[in-house]
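A closer look at the structure
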Amino acid sequence: MAMNDEPTTNRRLLDWVEEWAAILSPDAIHWCDGSPEEYDLLAAELVNTGTFQRLNDDLRPNSYLALSDPDDVARVEDRTYISTTNPTDAGPTNNWRDPATLKAEMLELYRGAMRGRTMFVVPFSMGPLGSPIAHIGVQLTDSPYVAVSMRTMTRMGSAVLDVLGADDFVPCVHSVGAPLEVGETDVAWPCDADNKYISHFPETREIWSYGSGYGGNALLGKKCFALRIASTMARDDGWLAEHMLILGLTSPEGVKTYIAAAFPSACGKTNMAMLVPTLKGWKVETIGDDIAWMKFGDDGRLYAINPEAGFFGVAPGTSVATNANAMETMWGNSVFTNVAMTPEGDVWWEGMTDETPEHLTDWRGENWTPATGTPAAHPNARFTTPASQCPSIAPEWQDPAGVPISAILFGGRRATNVPLVTEARDWDHGVFLGSIMSSEKTAAAAGARPGPVRPLRHAPVHGLQRGRLLLALVVDRRPGRGLQPPKAVLGELVPQGHRRELHVAGLRREHPGTEVGRRTGRRHGIGHGHPHWPGSHDRCHRPRRHRRGRRNDGAVAVREPRIMGTRGGAHQRALRHDR
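1. As for the overall build of the protein chain
Secondary structure assignment for the protein chain yields 14 helices and 32 strands. In the protein chain, buried positions account for 58% of the 579 residues. For the protein chain, restricting intrachain contacts to residue pairs at least 6 apart in sequence, the fraction spanning at least 24 positions comes to 72%.

Here's what the structure looks like:
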């Protein structure tokens, strides 16, 4: 077994690589250094094997198209496991497996899984190198597609090993599960469609992935580390790892405020993070579009970093009209997966242009015309592109100290029955609204349970118990935790004494005949018909479920509503848990 020079003296890391090499049996081991030369070499290899098609350099410089196996196009939620000794520690929204049983099952699949292939050792940092909020992981993979994508999505390479030194790391193991026998011809997208496992072991901080080469199943720094394992690390150490965008908002007076917002996948986080303001004098800058890691600073404020270095965004629906900054970000140095290709050698997807091309090669590699009757790009087709190329990227997005968060929004994608924006009465009420909010199911996940998903209880994004996560957002009052009350952390997004949290219905579709004004218009008052959306005088239109009082300033005050039904009671108990 060939191996390039070991670039570290970290004994635990070297022993771990050697142990897994004995199990996986690769033909060679390559330690990724993260250099441009390495990227170009791996990309050329992917072109030779048919995984990549190089796009027209005049139209999309240094960019590639990858078409996956039709059975490997999204996260596999039904094969995603949180494996803990105590089943309740996996949380009520996740798939639980016993650690010993699951590891034994997967080890049988891993034995010899990399035969005929190269094992890439990918050291990566989630967050700016040296940041006190960042953490380091190392991924083993037999997929060069994963290796080049990890270079875009994380800080990857030799510099990470220099920062790691002899310290600990999060071990991540991935195989596409397609060993090659001597003389066997490889396929363009190797995977094991019938055996997919995306397994997390929070107690030992391990991630094991097998069978899939796509997205969050294979890029283990993303959902697996940055949300699922990190949420457990955050719970234990007193910080937050959340499915949230981060943006900077500067007022005409030059006051800059940073906001985090939680939406499930494919619900507009990237669009909001790259928002182009139409209000005169206002400026919006992008810190991150998907994940936020937040820790308390010495001043008691909550500071956030974007742990990623790139964007892995949903392509269909992205256009100059919906997200001009994203379109400009993808000018080059990008990998597109499962989009269509034009005859000129560029990419196309539904919603990208007003006019549909007359002829394309679709995401299955077949000839396509508007009369074909199927989408040219898969609904979960993706673009992978460096965040540094975004026109709206904030200068401080790489600041190791992070940015101070002044407000948190919860949102999702709902076409009906939800007000566009709801303002919470106070912090605790905002946490409650976030816990009960739901969103339409999207194409980002395969095998998902039916029904809506929720920003705070979205199965793919964390392994915490619901009550503990809500408690962390409200305030952790356990002895010795040292966290400040939320009201001491909030900044000055709005005037003193009026700090709020918003409950957002996402980038809502408008249907013909929908009278949006009936909900938001002056005649009916803000929040008409919605019991958790107080109007300009804190009015509520369900008087039988609320008790009214009179505040000192003369306005009508609404006390906390009685939560009705089994589901409401569960959420109320969750908010009371350990308090």
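Picking up after the structure, the text goes on.
2. Observations concerning the pattern of salt bridges
Taken as a whole and judged by the stated rule, the model has 20 salt bridges. Taken together, the shared-partner salt bridges connect K222, K223, K269, D290 and E308 into one network.

3. A few points about unusual backbone geometry
A positive phi is found at N333, a non-glycine position, where the angle reads about 55 degrees. Note that N333 resides in the loop between helix 9 (320–329) and strand 21 (335–337). With a relative accessible area of 24%, N333 lands in the partly exposed category. Even without being glycine, N338 reaches a positive phi, approximately 65 degrees. The topology assignment puts N338 in the loop between strand 21 and strand 22 (340–341).

4. Thoughts on helix 3 (residues 99–110)
For an α-helix, the turn length of 3.6 residues means that residues three or four places apart are oriented alike. A rise of 1.5 Å per residue sets the reference length of helix 3, with its twelve residues, at 16 Å; its end C-alpha atoms lie 16 Å apart and thus fit the reference within 8%. Burial in helix 3 covers these residues: P99, L102, M106 and Y110. On an axial view of helix 3, the arc spanned by its buried residues comes to 70 degrees, and they lie on one face. Residues of helix 3 that are exposed and point more than 90 degrees away from the buried face comprise A100 and E108.

5. Notes on the packing of aromatic side chains
Two aromatic rings are characterised by how far apart their centres lie and by the angle between their planes. Applying the stated criterion across every chain, the model contains 16 aromatic pairs. Ring centres 5.2 Å apart and planes at 85 degrees place the aromatic pair W20 and Y110 in the edge-to-face group. Here the residue W20 occupies a position in helix 1 (residues 11–24), and Y110 occupies one in helix 3, the gap between them amounting to 90 residues. Considered together, W20 and Y110 belong to a single accessibility category, that of buried residues. Members of the aromatic cluster, each reached through a chain of ring pairs, are W20, Y110, F201, W208 and Y210.

6. Structural notes on helix 7 (residues 221–237)
An ideal rise of 1.5 Å per residue puts 24 Å on 17 residues; helix 7 reaches only 19 Å between its terminal C-alpha atoms. Maximum bend of helix 7: about 45 degrees, positioned at A230. By the criterion of burial, helix 7 is predominantly enclosed, with 14 of the 17 residues buried. Note on helix 7: the residue one or two positions beyond its end, G238, has a positive phi of about 85 degrees.

7. A short note on the pairing of strand 13 (residues 206–210)
When you tally the buried positions in strand 13, you get five out of five residues, the bulk of the element. Here strand 13 shows a buried face lined by E206, W208 and Y210 and a second buried face lined by I207 and S209. Judged from the four bridges that link them, strand 11 (residues 170–175) and strand 13 form a sheet pairing that is parallel. Bridge assignment links H174 to a residue of strand 13, and that residue is S209. Of the pairings in the sheet, the one linking strand 12 (residues 197–201) to strand 13 comprises five bridges and is antiparallel in character. When the sheet's bridge partners are listed, S199 is paired in strand 13 with W208.

8. Topic: the nonpolar core
By size, the foremost hydrophobic cluster in this structure holds 48 residues, and its most contacted members are F52, F124, Y145, I207, F225, W239 and W293. Going through the elements one at a time, helix 2 (36–49), strand 4 (64–66), strand 8 (118–126), helix 4 (144–153), strand 11, helix 7 and strand 19 (302–305) are the ones with two or more residues in this core. The element best represented in this core is helix 7, accounting for eight residues. Counting residues in each nonpolar core, the second largest holds 46 residues, with L67, I287, A315 and W397 among its members.

9. Points about the pairing of strand 18 (residues 292–296)
Of all five residues that make up strand 18, four are buried, and the element is covered over most of its length. Bridging between strand 14 (residues 240–242) and strand 18 involves three bridges; their strand directions are antiparallel. Each residue of the ladder has a partner; that of A241, found in strand 18, is W293. Sheet topology note: the strand 18/strand 19 ladder contains four bridges and is antiparallel. Following the sheet pairing, K295 is matched in strand 19 by Y303. The hairpin formed by strand 18 and strand 19 contains five residues between the paired strands, and G300 there has a positive phi angle of roughly 85 degrees.

10. With respect to the environment of A340
Topologically, A340 is positioned in strand 22. The buried category is assigned to A340, whose relative accessible area is 0%. Along the primary structure A340 and D362 are separated by 22 residues, whereas in three dimensions their C-alpha atoms are 4.4 Å apart. Among residues more than four places away in sequence, those in contact with A340 are D346, V347, W348, L360, T361, D362, A376 and A377.

11. Quick look at the confidence of the model for the protein chain
With 74% of its residues at a pLDDT of at least 70, the protein chain reaches an overall mean of 80. Here residues 454–501 is modelled with pLDDT under 50, and outside its nearest four sequence neighbours on either side it reaches 141 contacts, counting other chains as well. When the criterion is pLDDT under 50, residues 505–579 qualifies, and its contacts beyond four places in sequence or with other chains add up to 117 contacts.

Reading the values: the criteria
The numbering scheme is per chain: residues are counted from 1 as the chain's sequence reads. Given that the model is predicted, a residue must reach a pLDDT of at least 70 before its local features are reported, and side-chain atom pairs must reach 80 or more before they are shown or counted; all residues, however, enter totals for whole chains, interfaces and linings. To obtain the side-chain values, all non-hydrogen atoms of the structure were used and water was disregarded. In this description a helix means any DSSP run of H or I spanning at least four residues, a strand means any run of E spanning at least two, and both kinds are numbered starting from the N terminus. Type-normalised accessible area, obtained with a 1.4 Å probe on protein chains alone, sets the label of each residue: buried when under 20%, exposed when over 50%, and partly exposed for intermediate values. Any two residues whose heavy atoms approach within 4.5 Å at even a single point are treated as in contact. By salt bridge we mean one thing: a side-chain nitrogen of Lys or Arg within 4 Å of a carboxyl oxygen of Asp or Glu. For a helix, the expected span equals 1.5 Å multiplied by the residue count minus one. This arc corresponds to the set of directions leading from the helix axis out to the C-beta atoms. Aromatic contacts are taken between Phe, Tyr and Trp rings whose centres are within 6.5 Å, Trp giving its six-membered ring; a plane angle under 30 degrees counts as stacked, one over 60 as edge-to-face, and the others as tilted. In this analysis the local bend is the angle between axes fitted, respectively, to the seven residues ending at and the seven residues starting at the residue. Whether two strands pair comes down to DSSP finding at least two bridges between them. Residue types Ala, Val, Leu, Ile, Met, Phe, Trp, Tyr and Cys, when buried and joined through side-chain atoms within 4.5 Å, form a set referred to as a nonpolar core. Note: pLDDT gives the predictor's confidence per residue, expressed from 0 to 100.

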